[in-house]
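Report on the structure
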Amino acid sequence: MEKTLIFGHKNPDTDTICSALVYADLKTKLGQNVEAVRLGEVSGETRYALDYFKVEAPRLVESVAAEAKTVILVDHNERQQSAPDIDQVRVTEVIDHHRISNFETSGPLYYRAEPVGCTSTIINKLYKENGVAVSKEMAGLMLSAIISDSLLFKSPTCTEQDVAAAKELAAIAGVNADEYGLAMLKAGADLSEKTIAQLISLDAKEFSMNGRKVEIAQVNAVDVNDVLSRQADLEGALNAIIAEKGLDLFLFVVTDILNSDSVGVALGKEAQAVEQAYNVKLDGNKALLKGVVSRKSQIVPVLTDLFNKA
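The sections below set out a description of the structure shown in this document. Just so it is clear, the structure is predicted and the values come from calculations on it, not from any experiment.

Here is what the cut-offs are and how they apply
Residues numbered from 1 in each chain as written. Predicted model: local features only at pLDDT ≥ 70, side-chain atom pairs only at ≥ 80, totals over all residues. Heavy atoms only, no water. Helix = DSSP H or I, 4+ residues; strand = E, 2+ residues; numbered from the N terminus. Expected span 1.5 Å × (residues − 1). Buried < 20%, exposed > 50% of the residue type's maximum accessible area, 1.4 Å probe, protein only. Arc of directions from axis to C-beta. Contact = heavy atoms within 4.5 Å. Polar contact = N/O pair within 3.5 Å; in protein donor to acceptor, adjacent residues only side chain to side chain. 1 Å grid on protein atoms, 1.4 Å probe; cavity = no way out; pocket = protein on both sides within 12 Å on 5 of 7 lines; lining within 4 Å. Points joined across faces, edges and corners; volume = space filled by probe spheres on them. Nonpolar A, V, L, I, M, F, W, Y, C, P; charged D, E, K, R; others polar. Pairing = 2+ DSSP bridges. Axes fitted to C-alpha atoms, helices over the stretch in contact; angles between N-to-C directions.

Two residues of an α-helix separated by three or four positions point the same way, owing to the 3.6 residues in each turn. Under the 1.5 Å per step criterion, the end-to-end length of helix 6 (residues 177-189) is 18 Å for 13 residues, consistent within 8% with the ideal 18 Å. All of the buried residues along helix 6 are A177, Y180, G181, M184, L185, G188 and A189. End-on view of helix 6: buried residues confined to an arc of 165°, all on one side of the axis. Elements in contact with the buried residues of helix 6: helix 2 (44-52), helix 4 (136-150), helix 5 (160-173) and strand 8 (212-221). Put simply, N176 is the residue that caps the front of helix 6, since its side-chain oxygen is 3.0 Å from the backbone nitrogen of D178.

Below, the discussion takes up the layout of surface pockets. By volume, the largest pocket amounts to about 650 Å³. As for the largest pocket, its lining consists of 38 residues, of which D13, D149, D203, Q218 and R295 are closest to the centre. When residues of the lining of the largest pocket are traced back to their parent elements, those giving at least two are helix 2, helix 4, strand 7 (204-209), strand 8, helix 11 (295-298) and helix 12 (300-309). Ranked by residues supplied to the lining of the largest pocket, first place goes to strand 8 with three residues. Across the lining of the largest pocket, the residue classes tally to nine nonpolar, 17 polar and twelve charged. There is about 280 Å³ of room inside the second largest pocket. Lining the second largest pocket are 14 residues; nearest its centre among them are N11, S201, A204, E215 and K245. At the level of secondary structure, the elements contributing two or more residues to the lining of the second largest pocket comprise helix 7 (196-201), strand 7 and helix 9 (231-245). Partitioning the lining of the second largest pocket into residue classes produces five nonpolar, four polar and five charged.

A word on the sheet that holds strand 7. Sheet architecture is open: five strands sit in the order 7-8-9-10-11, paired in mixed fashion. Every interior strand has two partners, whereas the edge strands, strand 7 and strand 11 (286-289), have only one. In this sheet, neighbouring strand axes are inclined to one another by 25° on average, regardless of whether the strands run parallel or antiparallel. Looking at chain direction, strand 8 and strand 9 (residues 249-256) are connected through eight bridges and run parallel. Of the residues in strand 9, the one forming a bridge with E215 is F250. Packing against the sheet, helix 9 makes contact with strand 7, strand 8, strand 9, strand 10 (261-267) and strand 11, and its axis sits at approximately 55° to strand 10.

Purely geometric numbers; function is a separate question.
Here is the structure:
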């Protein structure tokens, strides 16, 4: 039986890493030959979760076609967010909770997409549907993913299903979800030693919006000034990426995990779209995005709708 690789998007967040590991665990227990891999570096938040539950990070790969003929995608489906040679392998499954865009296959596949706050919420269901018990370690990883994607249940993307799953998984993992979750988020929000390049790549995704190339990066912080104090250097790096990739807009979002607001730094020829979308005025290329914490539900669809009307 040839091996199938399981991985999430580039610049992986906690849900991407944990979902790959957990789904690989489920598939292995069902007798399949799979391996979880990753397409980028492990963040401080994710490292906290992996260390806490004593699970090794997936192996880093830059491409996949040389290693496998078949792959399973978790926590993404858009090709520009995936492996660079994704068109050279067969996608047999997708487990995701995002919009579907720029995705097609030559053959049928198993596609599971649900409007919940986290991919791991879906995978928890798959354990039950297949009659497989969840270990303490895998429960801890799924809980970590849900906490991360929901910002400890504060994000508008968080559903009752996510909360119920987190409660159930916390019991299996033997932790208090609120106490563990806050510690994990704070570990990820410590940006003091991050370089500008690391800040930009921690959690960045590229999107196609009615012909516009848009990249949106997001970092969580306890104090947004830890990032904004370096705005000049940040803008220099963002402008270089815009030129290199031919982007129309780069929106860099710094989310305050304590107050549930964000500050957006917008650059590119379509930067004014941020002003229109949120009824704000960019001052020094930045603006307060009141109550905005979710890229998936409060940024991507808002900008997509705006560009579709243009």
